[in-house]
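Working through the structure, step by step
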Amino acid sequence: MGGNASGQQVRDVLVVGAGFAGLYALHRFRQDGFDVQGVEAAPGVGGTWYWNRYPGARCDVESVDYSYSFDERLQQEWRWSERYAAQPEILAYLEHVARRFDLECLIRFETRVTCARFDEQDSMWTVGTDTGDTLRARYLVLATGCLSAVHTPDIPGAADFAGEVLFTANWPHHPPSFEGRRVGVLGTGSSGIQSIPILAREAASLTVFQRSANYSVPMPNQVLSDEEWERIRADYPARRRKSAYAPAGTPHEPYPKGALEIGEEERRAALEARWQQGGVLFGKTFPDQMSDLAANDVARRFAEEKIRRIVHDPVTARDLIPTDHPIGTKRICTDIGYYETFNRPNVRLVNLRREPITRITETGIRTGGGEYELDVLVYATGFDAMTGSLSRMALSGRDDVRIQDVWAHGPLTYLGLGIPGFPNLFNLGGPGCPSVLANMVLHSEQQVDWVADLVTWCASNGIDQVEPRHDAAVKWTEHVQQVSRRTLFPMASSWYTGANIEGKPRGFMPYAGGFGNYRTSCDQVRSDGYEGMVFT
Ligand code: N01
């Protein structure tokens, strides 16, 4: 740790965010001998798993994959209780990691970064926070999460509602009781779809306000027996090796043949097997499913049949079937009993395409079709994804250039990690990398390792500033766009494309070329002496 003329502490590295990526970054930089400081808005570690405590919150990636691989002893000693971990267990895991590696002492909690400015003269970032503190560091690592900037729609009359208002993305620590209450849920993405079955069991009545239907596949969750756990533990090294260069950072593989290369019977068997395997994996049953509309249609029709078979009322079933996107082009939701919930007598679905909301009133929601009286209104309305956590802070680089200006027409990055004009800054899990299309935990480790290697290299070579060349960032960003055009992803208006936020530039933001290919590109840049980066 150093100091400057004003007595301010100057760190080597400042890490913003204490979720999966931030915690590993703190560990890795300290291990490499850097003086590292963490800053976190929440009172505890966990990132998205700290805030998203809504009933039913659960990860759609298997717990054995959605966990750190960097330390074999950690991997062997932590015992996951379920195949798909629920939020409390994931949070407990992250708290365990923070304690085990003594990371909490490095973090300033309840401190939100409000601005960050690069000072060219001394090659330092000056960071302001909502506690009034100013921090200085040579390197700024943003581990602020791609789904952390909460989106609350601006609906007329919202402030008039006299009942209780809840947000899935900022759920109270003491869970409210819904017994005997009339509950409304606005939004049917993953958060809404996971919480709706549980709210329906407790509430007197549940009204689901759906603007766009989403595809959801049941999660075949199960308690992991000791026998199963021993098998997983023994297989961990092989599982991790397979995941490291796999398209989604997990060991699962699609069916060996394309959907259109096989007959109807074989297709249905493959789809049924994948449906039973459950969750987001269904979106990748066949290798051509996300690139060929006809192949996608095969899987889409299969999923729609399932919905019709589960939901008794044909009008409700029809309303629950998406009409505006190929399956998987919006993230497939993973549920436990979602469609079955609509067979309950206390649950009704309001199709906002047929009867749009006109306003929120003191007593509920008014639509073109009527008045819905509510005691509780739950917003499950998503996030300003991928860029929101950066654009909501006053972030300025060389010559005071603002991130909002550099990204005015969409995010420009090199490998997703570097932004031209923003020296010594690295953004983890944001636009331009596989991000949410991959297992975020292994992805975070891969990115942190790459950045830590680069910072170590700079330190040992007397480098003050490192940033991507503008042309390298343009080339990478064009590559990201080109790859997405080979897929069906751009056909959906989703948070992947910025379409859920008014005025946000449109474009498919994650790198859809696969985690393995992304890792290979990063490895290649490193072995080519950090080709594409400028050093001063
Ligand atoms: O958010 P979303 P989410 N009036 O953006 C609706 C991850 N995640 O928090 O589609 C009415 O998907 C909006 O409608 P529309 C996962 O990656 C993972 O649910 O814009 N409705 C939509 O239905 C996921 O994809 C897990 O027409 C309005 C909903 O709100 C991502 O987070 C669990 C509206 C928002 O859905 C985001 O999921 C949870 C308005 N004015 C989340 N504005 C797991 O691991 C918005 N909506 C399982």
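Residues numbered from 1 in each chain as written. Predicted model: local features only at pLDDT ≥ 70, side-chain atom pairs only at ≥ 80, totals over all residues. Heavy atoms only, no water.

Our focus in this paragraph is the pairing of strand S5 (residues 113-119). Of the strand pairs in this sheet, S5 and strand S6 (residues 124-129) are connected by six bridges, and their pairing is antiparallel. Within the sheet, the bridge partner assigned to Val-113 lies in S6 and is Thr-129. Here S5 folds back onto S6 in antiparallel fashion, the turn holding four residues, of which Ser-123 has a positive phi close to 55 degrees. (Pairing = 2+ DSSP bridges. Helix = DSSP H or I, 4+ residues; strand = E, 2+ residues; numbered from the N terminus.)

Near the ligand you find 24 residues, and of these Thr-188, Ser-191, Arg-211, Ser-212 and Arg-331 are the closest. The backbone of Asp-60 places a nitrogen or oxygen atom 3.2 Å from an oxygen atom of the ligand. Within the backbone of Ser-190, an N or O atom sits 2.9 Å from an oxygen atom of the ligand. Summarising the interface, the protein chains cover 87% of the accessible area of the ligand, which totals 920 Å² for the free molecule. (Near = heavy atom within 4 Å. Polar contact = N/O pair within 3.5 Å; in protein donor to acceptor, adjacent residues only side chain to side chain. Areas by Shrake-Rupley, 256 points an atom, 1.4 Å probe, with all protein chains shown as cover.)

It is worth spelling out the packing of aromatic side chains at this point. With the rule as written, the count across this model stands at 35 aromatic pairs. A ring pair is formed by Phe-29 and Phe-34, whose centres lie 5.9 Å apart and whose planes are at 70 degrees; its orientation type is edge-to-face. Overall, Phe-34 belongs to the buried group, its relative accessible area being 13%. Between the aromatic rings of Phe-282 and Phe-302, the centroid separation amounts to 6.0 Å while the plane-to-plane angle is 25 degrees, which identifies the pairing as stacked. (Phe/Tyr/Trp six-rings, centres within 6.5 Å; stacked < 30°, edge-to-face > 60°. Buried < 20%, exposed > 50% of the residue type's maximum accessible area, 1.4 Å probe, protein only.)

Residue placement: Ala-472 occurs in helix H14 (residues 470-485). Given a relative accessible area of 8%, Ala-472 falls into the buried group. The sequence separation of Ala-472 and Gly-337 amounts to 135 residues, and the corresponding C-alpha distance is 47 Å.

Glancing now at the sheet that holds strand S13 (residues 347-351). With parallel pairing, five strands are arranged side by side in an open sheet as S8-S17-S9-S10-S13. In this open sheet, the two strands that pair with only one neighbour each are strand S8 (164-167) and S13. Averaged over neighbouring strand pairs, the angle between their axes works out to 20 degrees when direction is ignored. Bridge count for S8 against strand S17 (residues 376-379) is four bridges, and the pairing is parallel. Its bridge partner lying in S17, Phe-167 is registered against Tyr-379. (Axes fitted to C-alpha atoms, helices over the stretch in contact; angles between N-to-C directions.)

Turning our eyes to something else, we now look at the confidence of the model for the protein chain. Overall, the predicted model of the protein chain reaches an average pLDDT of 96, with 99% of residues at or above 70. The ipTM for the predicted assembly is 0.99, set against a pTM of 0.97. (pLDDT = per-residue confidence, 0-100.)

Taking strand neighbours across the sheet as the criterion, the three strands line up as S14-S15-S16 in an open arrangement whose pairing is antiparallel. Looking at strand neighbours, the two that pair on one side only are strand S14 (357-360) and strand S16 (370-373), the edges of this open sheet. Neighbour to neighbour, the strand axes of the sheet diverge by 20 degrees on average, direction disregarded. Of the strand pairs in this sheet, strand S15 (residues 364-367) and S16 are connected by four bridges, and their pairing is antiparallel.

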